[in-house]
2 protein chains.
Amino acid sequence: MKTEEVTPIKIKKADSSKIEKVDFDHLTFGSVFTDHMFVCDYVNGSWGTPEIIPYQPLVLDPSARVFHYAQAVFEGMKAYRDDKDGIWLFRPDENFNRINKSSVRMAMPEFPEDYFFEGLKTLLKLDEKWIRKGEGNSLYIRPFVIATEPSVMASPSGQYKFVIICSPAQSYYGGEVRVKIADHYSRSASGGIGAAKAAANYGAQFYPTNLANKEGYQQVIWTDSNTHEYLEEAGTMNVFFRIGDKLLTAPTSDRILDGVTRKSVIAVAEANGITVEVRPVKVEEIVAAAKSGTLKEIFGSGTAAVINPVAGFGYKEDKFELPKSSDSYASMIKKAIIDIQYNRAEDPFGWRYEVR
Amino acid sequence: MKTEEVTPIKIKKADSSKIEKVDFDHLTFGSVFTDHMFVCDYVNGSWGTPEIIPYQPLVLDPSARVFHYAQAVFEGMKAYRDDKDGIWLFRPDENFNRINKSSVRMAMPEFPEDYFFEGLKTLLKLDEKWIRKGEGNSLYIRPFVIATEPSVMASPSGQYKFVIICSPAQSYYGGEVRVKIADHYSRSASGGIGAAKAAANYGAQFYPTNLANKEGYQQVIWTDSNTHEYLEEAGTMNVFFRIGDKLLTAPTSDRILDGVTRKSVIAVAEANGITVEVRPVKVEEIVAAAKSGTLKEIFGSGTAAVINPVAGFGYKEDKFELPKSSDSYASMIKKAIIDIQYNRAEDPFGWRYEVR
Ligand SMILES: Cc1ncc(COP(=O)(O)O)c(C=O)c1O
Ligand SMILES: Cc1ncc(COP(=O)(O)O)c(C=O)c1O
C-alpha cells in the first residue's frame, strides 16, 4: 500500500478579495497581484513550514543580503483556464528545475519539489478566480527566492525566503518591435551567471536598453561579450532567425538562459517538418541574409508573449526591415503552443499539467 | 553675501540606544548596526525629504524591482575617531561620485550631493558614540540604493530608496589569505557592469568563491572573462603585485571597480619613490616571477582591510607561496594610509574630511 505524503501548508486566508477593483481589460503587466502569496523561509540549514498568506509587504532588515549582493533568483510561468474551466500550467517541471539550477549558481539552497508543486497548486486554487478564460488571458506566476540574512558580509546568506506571487495578464501587444544588435554592451560573461535566471542579469541590461530605446529600438539582442560576433538572446527572450525555410537559434551556454519556450519552439518546429539549426549564429550571416532577402523572420520566444515577431533590426549604422509574411513560422508555432497551453489541442509532447 | 543653503533633514530619534548591549571587542563584520539610519525616497522623478529614523526594517512590496531585477548599488566607507575625538572620513567625495556613477550604469537616478553629505554627517553625529577610538576601530558606513517600485515589469523602476546604515568594525585579521587565480569562472564581462558597485556583481561570485574555499583558498583573483590571461581584481579588493622593487596593478576598465584604496595606494607608493606600473598584468608573468623568486608580494586593497597581504596563490594545478618579508610595501603603505585616516600624520593629499 502506498501512503501519499502530503506537504502540510499553513493557510491564512485574506479577509476580503481585491478582485472586484481590478479592471481585467486594462491590465499593466506585472503590477496587480492576487489576494494571496506563498512564502517559505530557510533558516539554520533547512526550509521551514510553507505558508500561504494574504498578499502583503515583505519586512526585511536593511542589511538583508538581497539588497547588497543580489543573491536572488526567480522564475516566470503562467496558468491558463480552458473553456471547461480546467486550469493548466505549461511544463512547470522545467521552471522548477531551472529555479534550483539558478539557485545553485547563486550559492543559494535548492527548494524541495513537493513544496514547490503543492504550494503552487494550493495558491492557484485559492486564487482561482483570478485566472480568466479567453484568448490571451492568463495568470502570470512569479516564484522567487531572496537572501534575507541581516548582515552586509560579502558571503552567501544563511537565510532565504522563497515566495510565489501571481499577477493577472492579458495577451501583450506592444506595437511593432525593432531590435538593436549589441556591439558594445554585454549581458553576460563566459564563466558568469547568464544561464541562471538571477536578478543580477536583468538590472544590468536596463541602461543599454534605454540607450537602444533612444535610437528607436524596443529591445537589444545581445551578442557574445568576447567578440560581439555571435547572436545570443534578448533581455527576456531567446531568439530565432528564419533564413529561407530553416530556423536558426544559438545553442544554450553558460551565457544564455535555457528557455522553456525556446525548447518548445524547437520541438513544434521539428514536429512540423521545419529544419532547426541549433548552432552559433553570426551577426554577419544575418546581416548578409537581410541584404540578400533570404532572411524571412526574426522572433523572440519567452513565457510572457510566447512568440514576439521582430519587425526590423539595427546593427551599428545599418537598419533593416523584415518582410511581412502571412505564413510566418512565428504565427504557426505560436498558435500550436497556445493551443496546447489552453487545452484546445492534443498535447503530443506531454507539456500540459492540470492544476485540478 | 553668501547665503548657505542647508538641507533640511527630518530627524526622528530612537527612544533608547542599543549600544550597551554591543560587545565591541568581538564584532562580526557587518552584522551589528547603530541606532539610526538615513533614508530618502525617490518618487515621481525626484528625491523627497531626507530623513533620519531609528534603525528599522524596510517594508517593501514583494514585487519591488530590487528583488527581481537587482536594480541596486552601494558604497562602502569608514569613519574614524582620532585621539582628540575628532571624527574623520576618508575621501568621501570619491564614494559619493562612485555611487552616482554606479547608479547611472544601473539606470537609476543620481543622488544629490548635499543630501548625501548632510545626511551622512547628521547621521554620524547622532550615532557618534558608536565610533570608537583605538587602532583598527572604525564605523563601517554602507550607503545603498534599491529599486522599490511594486511591479515585476522588466524595466527600470520609477521608485527608489536611498539608505545609509552604519556598523561598528574592528580591524580585521582573518588569518593568512591564499587566493585562487580564476581560469574558468568570471566576475564581469566587457561591456558589462563590473565597474559599477552594483549588488549584481557580488552574489555572482559566491559560488565560484565557495569552490575555491573548498580547495583551500579564501578568495579568488578574477581574470578577464575573454581569455583568463590577465589579472583583474578580487571580490572586494583591487590587487597589487610587487616584482622586484616595482608595483604592478591592472588599469581600471568597464570590468574593474575603480577602488578608492587602490588610488590611494598608488599615490602613497609613488610619493615614497616606488615605481607603480598601471598596465595589463599577465597571469603568466606573475607565475614566472613566482618561479624565479622575483615576485615579492601580492596584496589586495579595499576599504574593509585597507591592505590585505596575500600569503600564497594557486593557478590551475600549481600552488605558490610568497616570501615573508619584514619591509613589505604592504605594511609601509598600509601604515601611511591608516595614519592619515586616524589623523596621526600630515595629510599631503588632502584626503581627510572632518565630520565636525
Ligand atoms: C534572459 C531570458 N532569456 C530567455 C527567456 C525565455 O525563457 P522562457 O521561455 O523559459 O520564458 C527569459 C525568460 O522569460 C529570460 O529572462
Ligand atoms: C569589486 C571591488 N573591487 C575593489 C574594491 C575596493 O574599493 P575601495 O578601495 O574603494 O573600497 C571594492 C570595494 O570595497 C570592490 O567591491
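Since this is a predicted model, take the numbers as computed values, not measurements. (Residues numbered from 1 in each chain as written. Chains lettered and ligands numbered in written order. Predicted model: local features only at pLDDT ≥ 70, side-chain atom pairs only at ≥ 80, totals over all residues. Heavy atoms only, no water.)

Some thoughts on the pattern of salt bridges
Here's step 1: Enumeration over the complete set of coordinates arrives at 52 salt bridges over all chains.
Here's step 2: B:Arg81 serves as the salt-bridge partner of B:Glu128, at 2.9 Å between the closest nitrogen and oxygen. A residue pair is termed long-range when its members are at least 10 positions apart, and B:Glu128 in the loop between helix H3 (113-126) and strand E9 (138-147) and B:Arg81 in strand E7 (residues 77-81) qualify at 47 residues.
Here's step 3: Salt bridges linked by common partners bring A:Arg81, A:Asp85, A:Glu128 and A:Lys133 together as one network. (Salt bridge = Lys/Arg side-chain N within 4 Å of Asp/Glu carboxyl O. Helix = DSSP H or I, 4+ residues; strand = E, 2+ residues; numbered from the N terminus.)

A look at the site of ligand 1
Residues and elements named next belong to chain A.
Here's step 1: Not every one of the 16 residues close to ligand 1 is listed here, only the nearest: Lys197, Tyr202, Glu233, Thr261 and Thr303.
Here's step 2: Between ligand 1 and Lys197 there is a distance of 3.0 Å, counted from an oxygen atom to a side-chain nitrogen or oxygen.
Here's step 3: A distance of 2.4 Å is found between an oxygen atom of ligand 1 and a side-chain nitrogen or oxygen belonging to Tyr202.
Here's step 4: Within the complex, the protein chains bury 97% of what would otherwise be the 380 Å² of accessible surface of ligand 1.
Here's step 5: Every element with two or more residues in the shell around ligand 1 is listed here: helix H5 (260-271) and strand E18 (295-302).
Here's step 6: For the shell around ligand 1, the residue count by class is four nonpolar, eight polar and four charged. (Near = heavy atom within 4 Å. Polar contact = N/O pair within 3.5 Å; in protein donor to acceptor, adjacent residues only side chain to side chain. Areas by Shrake-Rupley, 256 points an atom, 1.4 Å probe, with all protein chains shown as cover. Nonpolar A, V, L, I, M, F, W, Y, C, P; charged D, E, K, R; others polar.)

A short note on the packing of aromatic side chains
Here's step 1: Applying the stated rule across the entire model yields 55 aromatic pairs over all chains.
Here's step 2: With centroids separated by 6.2 Å and ring planes inclined at 70 degrees, the aromatic side chains of A:Tyr69 and B:Phe206 adopt a geometry described as edge-to-face. Of this pair, A:Tyr69 sits in helix H1 (residues 65-69) while B:Phe206 sits in helix H4 (residues 200-214), placing the two residues on different chains.
Here's step 3: On the numbers, 5.8 Å between centres and 80 degrees between planes, the contact of A:Phe111 with A:Tyr115 is edge-to-face.
Here's step 4: For A:Tyr115, a relative accessible area of 18% puts it in the buried group. (Phe/Tyr/Trp six-rings, centres within 6.5 Å; stacked < 30°, edge-to-face > 60°. Buried < 20%, exposed > 50% of the residue type's maximum accessible area, 1.4 Å probe, protein only.)

Some remarks on the site of ligand 2
All names here are of chain B.
Here's step 1: In the vicinity of ligand 2 there are 16 residues, among which Lys197, Tyr202, Glu233, Thr261 and Thr303 approach most closely.
Here's step 2: In this structure, Tyr202 approaches ligand 2 through a side-chain N or O atom, which is 2.4 Å from an oxygen atom.
Here's step 3: Backbone polar atom of Val260 to an oxygen atom of ligand 2: 2.7 Å apart, as the coordinates give it.
Here's step 4: In isolation ligand 2 exposes 380 Å². Once the protein is present, 97% of that is buried.
Here's step 5: Counting only elements with at least two residues in the shell around ligand 2, the list comes to helix H5 (260-271) and strand E18 (295-302).
Here's step 6: Here the residues of the shell around ligand 2 are counted per class, giving four nonpolar, eight polar and four charged.

Looking at the relation of the copies chain B and chain A
Here the second copy of the chain follows from the first by a rotation about an axis and a shift along it.
Here's step 1: Rotating chain B by 180 degrees about the axis while translating it 0.0 Å along that axis superimposes it on chain A, leaving an RMSD of 0.0 Å. Taken together, the rotation angle and the small translation identify this as a two-fold axis.
Here's step 2: Taken together, the interface assignments show that 100% of the residues at the interface of chain B recur at the interface of chain A, consistent with an identical surface on both copies. (Least-squares fit on C-alpha atoms with pLDDT ≥ 70 in both. Contact = heavy atoms within 4.5 Å.)

A short note on helix H6 (residues 283-292) of chain B
Residue and element names in this part refer to chain B.
Here's step 1: Among the residues making up H6, those that are buried are Val283, Ile286, Val287 and Ala289. Buried residues of H6 fall within an arc of 160 degrees about the axis and therefore sit on the same side. Along H6, the residues that are exposed and aim more than 90 degrees away from the buried face are Glu284, Lys291 and Ser292.
Here's step 2: Just beyond H6, the residue with positive phi is Gly293, at close to 90 degrees. (Arc of directions from axis to C-beta.)

Description of the domain arrangement of chain A
Residue and element names in this part refer to chain A.
Here's step 1: Domain annotation for chain A reports domain 1 (3-169) and domain 2 (178-341).
Here's step 2: With centres defined by C-alpha atoms, the gap from domain 1 to domain 2 works out at 28 Å.
Here's step 3: Across the boundary between the two partners, domain 1 contributes 19 residues, which contact 21 residues of domain 2.
Here's step 4: Summed over both partners, the interface of domain 1 with domain 2 comes to about 1800 Å²; 61% of that surface belongs to carbon and sulfur atoms.
Here's step 5: In terms of surface lost to domain 2, no three residues of domain 1 exceed Phe74, Phe90 and Arg98, which account for 33% of the buried area on that side.
Here's step 6: Taken together, the connections running from domain 1 to domain 2 amount to one salt bridge.
Here's step 7: Where Glu94 meets Lys263, a salt bridge forms, and the shortest distance between an N and an O atom there is 2.5 Å.
Here's step 8: Along the contact surface separating domain 1 from domain 2 lie eleven residue pairs in polar contact (both at pLDDT 80 or more).
Here's step 9: Among the secondary structure elements, those contributing two or more residues to the side of domain 1 that touches domain 2 are strand E6 (72-74), strand E7 (77-81), strand E8 (87-90) and helix H2 (92-105).
Here's step 10: Looking at the side of domain 1 that touches domain 2, the element that brings in the most residues is H2, giving five residues.
Here's step 11: Grouping the amino acids of the side of domain 1 that touches domain 2 by side-chain chemistry returns nine nonpolar, three polar and seven charged. (Domains from an automatic or database assignment. Buried area = accessible area lost by both parts, 1.4 Å probe.)

A word on the interface of chain B and chain A
Here's step 1: In this complex, chain B contributes 60 residues to the contact, which on the side of chain A involves 60 residues.
Here's step 2: In this assembly, chain B packs against chain A so that about 4700 Å² is buried in total across both faces, 67% of it on carbon and sulfur atoms.
Here's step 3: For the interface between chain B and chain A, the tally reads zero salt bridges.
Here's step 4: One can count 18 residue pairs in polar contact (both at pLDDT 80 or more) joining chain B with chain A.
Here's step 5: With eight residues, the single largest contributor to the side of chain B that touches chain A is H4(B).
Here's step 6: Broken down by class, the residue content of the side of chain B that touches chain A amounts to 37 nonpolar, 20 polar and three charged.
Here's step 7: Bridge count between strand E5 (residues 58-60) of chain A and strand E5 (residues 58-60) of chain B: three bridges; the pairing is antiparallel. Across the sheet, A:Leu58 pairs through a bridge with B:Leu60, a residue of E5(B). (Pairing = 2+ DSSP bridges.)

Structural notes on the packing of H5(B) against helix H7 (residues 329-341) of chain B
Residues and elements named next belong to chain B.
Here's step 1: Following both chains from N to C, one finds H5 and H7 inclined at 110 degrees, their axes separated by 10 Å at the closest point. Taken together, H5 and H7 sit at an angle that is classed as roughly perpendicular. Within the contact between the two elements, H5 uses Ser264, Val265, Val268 and Ala269 and H7 uses Ile333, Ala336 and Ile337.
Here's step 2: Residue composition of the contact of H5 with H7, by class: six nonpolar, one polar and no charged. (Axes fitted to C-alpha atoms, helices over the stretch in contact; angles between N-to-C directions. Parallel < 35°, antiparallel > 145°, perpendicular 65-115°, else oblique.)

So, the pairing of strand E15 (residues 246-249) of chain A
All names here are of chain A.
Here's step 1: Relative to E15, strand E14 (residues 238-243) runs antiparallel, the two being bridged by three bridges. Bridging from a neighbouring strand, Phe241 pairs with Leu248 of E15.
Here's step 2: Between the antiparallel neighbours E14 and E15 lie two residues, among them Gly244 with a positive phi of about 60 degrees.
Here's step 3: Sheet analysis places E15 next to strand E16 (residues 275-278), joined by four bridges and oriented parallel. In the sheet register, Thr249 faces E16, and the bridge partner there is Val278.
Here's step 4: Traced from E15 through H5 to E16, the parallel crossover comes out right-handed. (Right-handed = clockwise from strand over helix to strand, strands pointing away.)

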